[in-house]
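Each chain, letter by letter, is given below.
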There are 2 protein chains.
Amino acid sequence: MTEADETERRKRGPYRKTGARRREIIAAALEVFSASGFRAGSLKDIGERIGIDPSTILHHFGSKEALLRAVLDDKIAQDTQSIPDIEELDPALIPRGLIELAERNDRRPGLISLYAVLSAESTTVDHPGGEYFRERTARTRRDFRTGFERMQQHGLLAPGVDADFAATSTFALWDGAQIHWLIDPDSVSVTETLRRHLRLITTVTEL
Amino acid sequence: MTEADETERRKRGPYRKTGARRREIIAAALEVFSASGFRAGSLKDIGERIGIDPSTILHHFGSKEALLRAVLDDKIAQDTQSIPDIEELDPALIPRGLIELAERNDRRPGLISLYAVLSAESTTVDHPGGEYFRERTARTRRDFRTGFERMQQHGLLAPGVDADFAATSTFALWDGAQIHWLIDPDSVSVTETLRRHLRLITTVTEL
């Protein structure tokens, strides 16, 4: 290690440490908010998971609301329903892309629970996640519509199905199936329900 | 009023009063739990709506959990997704029955919010509504399946659609669309989404 490196390490050390601590708090908050929701999940519970005081959390984030925003902005939380490059993907591969995403979500119930619980809770009065979930829902529906419009242009939607209905119904069915899966994991497979829905509304049968 | 009537009135008065007070508390709790969820909705908020002390609520219900159960057991809360006589209804009229129910639900966002918020919240650890929502979800799916099985026997399901998928997808799409409607009422019509879905999975086109 050169002297310059050492200086750099010393200089950036505290910032690196701050970054690591913030990530640790966000991970603990994600667990607590997934398990209890935002309103009932307390800073005390979050702190206890990683052995720190609630005041330390406030030092890093300022408020419980700001911590929620940080959790929601965390990139893991953002990709539960967005297909990368939906604007460039071969339209015939879009249904497959959605199913792969659902398969990934099957393996991360904590994140799905965070999303399902907070999006429902966000519809209650003065919830700090209200704006986030309104925007996220609008963006997801828009992404879905873009994808299905491209499929429509290539004649890949079933007769009687347009891009708007394909987007709205797929998004609703997906979120509803996720809630039912969280309520009783043995009673419904999100991936299978989505697969059969996509077979019905598109002409792509190999799914 | 005869003397016997008067005796009867005096005797039953306090009970009638208790019943009225209980109904008043349940109505206020429904409003508060719809607006804030169960965990954040407090007995204090509920009491303030009707000008009583939280201790009076506890006197009538014993605990906040027992109050939640009373709200959920209240018959209004039970019929958000059950079609009367689905076992006897003309199978061709089942889709129309579902749509009429969705139209009714459009006019009671408070109740839909209660259901959506509490069913998502109930998936969190140790929630007193967990068992209720597991049972309710199982029962609703069973009712839907019974209805679609009867349609299937009469050749009223679309090609490639069986009763199981019809039930699972309709239930999921309905609950998901309700959440999206609560998040942004202008972006989605639950009734229209359901109508188009039912046109797709059944051969009943006049909906």
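If you're wondering where the values come from, they're calculated on a predicted model, not measured in any experiment.

A few words on the overall build of chain A. In terms of helices and strands, chain A carries ten helices and zero strands. Along the chain direction, N to C, the helices and strands of chain A fall in the order α-α-α-α-α-α-α-α-α-α. With 207 residues in all, chain A has 52% of them scored as buried. For chain A, restricting intrachain contacts to residue pairs at least 6 apart in sequence, the fraction spanning at least 24 positions comes to 68%. On chain A, roughly 9,700 Å² of surface is accessible, and the fraction owed to carbon and sulfur atoms is 49%.

With that settled, consider the relation of the copies chain A and chain B. With an RMSD of 0.0 Å, the fit of chain A onto chain B corresponds to turning through 180° and sliding 0.0 Å along the axis. The two molecules are tied by a two-fold rotation axis, judged by turn and shift. A shared interface surface links the copies, since 100% of the contact residues of chain A are contact residues in chain B too.

On to the interface of chain A and chain B. Counting from both sides, the interface comprises 41 residues of chain A and, opposite them, 41 residues of chain B. At the boundary of chain A with chain B, total buried surface from both sides reaches about 3,500 Å², with 69% on carbon and sulfur atoms. Area buried by chain A at its contact with chain B is led by His180, Ile183 and Arg196 of chain A, which between them contribute 19% of it. Seen at the junction of chain A and chain B, the total is two salt bridges. Across the salt bridge formed by Arg196 of chain B and Asp162 of chain A, the nearest N and O atoms sit 3.2 Å from each other. Here chain A and chain B share eight residue pairs in polar contact (both at pLDDT 80 or more) between them.

Once that is clear, we can look at the packing of helix H7 (residues 109–121) of chain B against helix H9 (residues 163–183) of chain B. All names here are of chain B. At a closest axis distance of 10 Å, the pairing of H7 and H9 adopts a crossing angle of 115°. When the interaxial angle is binned, H7 and H9 end up roughly perpendicular. Judged by the sense of rotation from one axis to the other, the crossing of H7 with H9 is left-handed. Contacts between H7 and H9 involve Pro109, Ile112, Ser113, Tyr115 and Ala116 from the former and Phe171, Asp175, Gln178, Ile179, Trp181 and Leu182 from the latter. Split into classes, the residues belonging to the contact of H7 with H9 amount to eight nonpolar, two polar and one charged.

Quick look at the side chain of Thr193 of chain B now. Locating Thr193 of chain B in the fold gives a position in helix H10 (residues 190–201). For Thr193 of chain B, a relative accessible area of 6% translates into the label buried. Reaching out from Thr193 of chain B, the side chain makes a polar contact with the backbone oxygen of Ser189 of chain B at a distance of 2.8 Å. Among all residues touching Thr193 of chain B, those that are not within four sequence positions of it are Phe165, Thr168 and Ser169 of chain A together with Leu173 and Val188 of chain B.

Mapped onto the present numbering, the UniProt feature "DNA-binding region" (unreviewed entry) falls on residues 42–61 of chain A. In the segment residues 42–61 of chain A, helix accounts for 75% and strand for 0%; the C-alpha atoms at its two ends are 14 Å apart.

Residue and element names in this part refer to chain A. Over its 13 residues, helix H7 (residues 109–121) runs 18 Å from end to end, which matches the ideal 18 Å to within 8%, given 1.5 Å per residue. Of all 13 residues in H7, eleven are buried; the element is thus mostly enclosed. Regarding H7, the residues found buried are Leu111, Ile112, Ser113, Leu114, Tyr115, Ala116, Val117, Leu118, Ser119, Ala120 and Glu121.

All names here are of chain A. With the rule as written, the count across this model stands at ten aromatic pairs over all chains. The structure contains a cluster of three or more aromatic residues connected by ring pairs, namely Tyr115, Tyr132 and Phe133. Against the face of Phe38 rests Lys64, its NZ or CZ located 4.6 Å from the ring centre.

This next bit is on the environment of Gly129 of chain A. All names here are of chain A. Structurally, the position occupied by Gly129 is in the loop between H7 and helix H8 (130–153). A sequence separation of 60 residues divides Gly129 from Arg69, and the C-alpha atoms of the two residues are 7.4 Å apart. If we ignore the near neighbours within four places in the chain, the residues touching Gly129 are Leu68 and Ser122.

Our next topic: the pattern of salt bridges. Residue and element names in this part refer to chain A. Inspection of the entire model under this criterion finds 20 salt bridges over all chains. A salt bridge links Arg96 to Glu103, with the shortest nitrogen-to-oxygen separation between them at 3.4 Å. Residue Glu103 is classed as partly exposed on the basis of its relative accessible area of 27%. Sharing partners across several salt bridges, the network here consists of Arg96, Glu100, Glu103, Glu192 and Arg195.

Okay, the confidence of the model for chain A next. Taken residue by residue, chain A gives an average pLDDT of 86. The fraction at 70 or more is 89%. No element of chain A has a lower mean pLDDT than helix H5 (residues 75–78) of chain A, at 56, and none a higher one than helix H10 (residues 190–201) of chain A, at 97.

Before going further, it helps to examine the nonpolar core. By size, the foremost hydrophobic cluster in this structure holds 124 residues, and its most contacted members are Ile46, Leu67 and Phe148 of chain A together with Ile46, Leu67 and Phe148 of chain B. Excluding anything up to four places from it in sequence, Ile46 of chain B contacts Ile25, Ala28, Ala29, Val32, Phe33, Ile57 and Leu67 of chain B.

Take Ser187 of chain B: it is sitting in the loop between H9 and H10. Once residues within four sequence positions are removed from consideration, Ser187 of chain B is found in contact with Arg141 of chain A together with His180 of chain B. Among the polar contacts made by the side chain of Ser187 of chain B, one reaches the side chain of Arg141 of chain A at a distance of 3.3 Å. At a separation of 2.9 Å, a polar atom in the side chain of Ser187 of chain B contacts the main-chain carbonyl oxygen of Asp184 of chain B.

Criteria and cut-off values
- Residues numbered from 1 in each chain as written.
- Chains lettered and ligands numbered in written order.
- Predicted model: local features only at pLDDT ≥ 70, side-chain atom pairs only at ≥ 80, totals over all residues.
- Heavy atoms only, no water.
- Helix = DSSP H or I, 4+ residues; strand = E, 2+ residues; numbered from the N terminus.
- Buried < 20%, exposed > 50% of the residue type's maximum accessible area, 1.4 Å probe, protein only.
- Contact = heavy atoms within 4.5 Å.
- Areas by Shrake-Rupley, 256 points an atom, 1.4 Å probe, with all protein chains shown as cover.
- Least-squares fit on C-alpha atoms with pLDDT ≥ 70 in both.
- Buried area = accessible area lost by both parts, 1.4 Å probe.
- Salt bridge = Lys/Arg side-chain N within 4 Å of Asp/Glu carboxyl O.
- Polar contact = N/O pair within 3.5 Å; in protein donor to acceptor, adjacent residues only side chain to side chain.
- Axes fitted to C-alpha atoms, helices over the stretch in contact; angles between N-to-C directions.
- Parallel < 35°, antiparallel > 145°, perpendicular 65-115°, else oblique.
- Left-handed = near helix turned anticlockwise from the far one by under 90°.
- Nonpolar A, V, L, I, M, F, W, Y, C, P; charged D, E, K, R; others polar.
- UniProt positions renumbered as here; feature names shortened; annotations may be inferred.
- Expected span 1.5 Å × (residues − 1).
- Phe/Tyr/Trp six-rings, centres within 6.5 Å; stacked < 30°, edge-to-face > 60°.
- Lys NZ or Arg CZ within 6 Å of the ring centre and 35° of its normal.
- pLDDT = per-residue confidence, 0-100.
- Core = buried A, V, L, I, M, F, W, Y, C linked by side-chain atoms within 4.5 Å.

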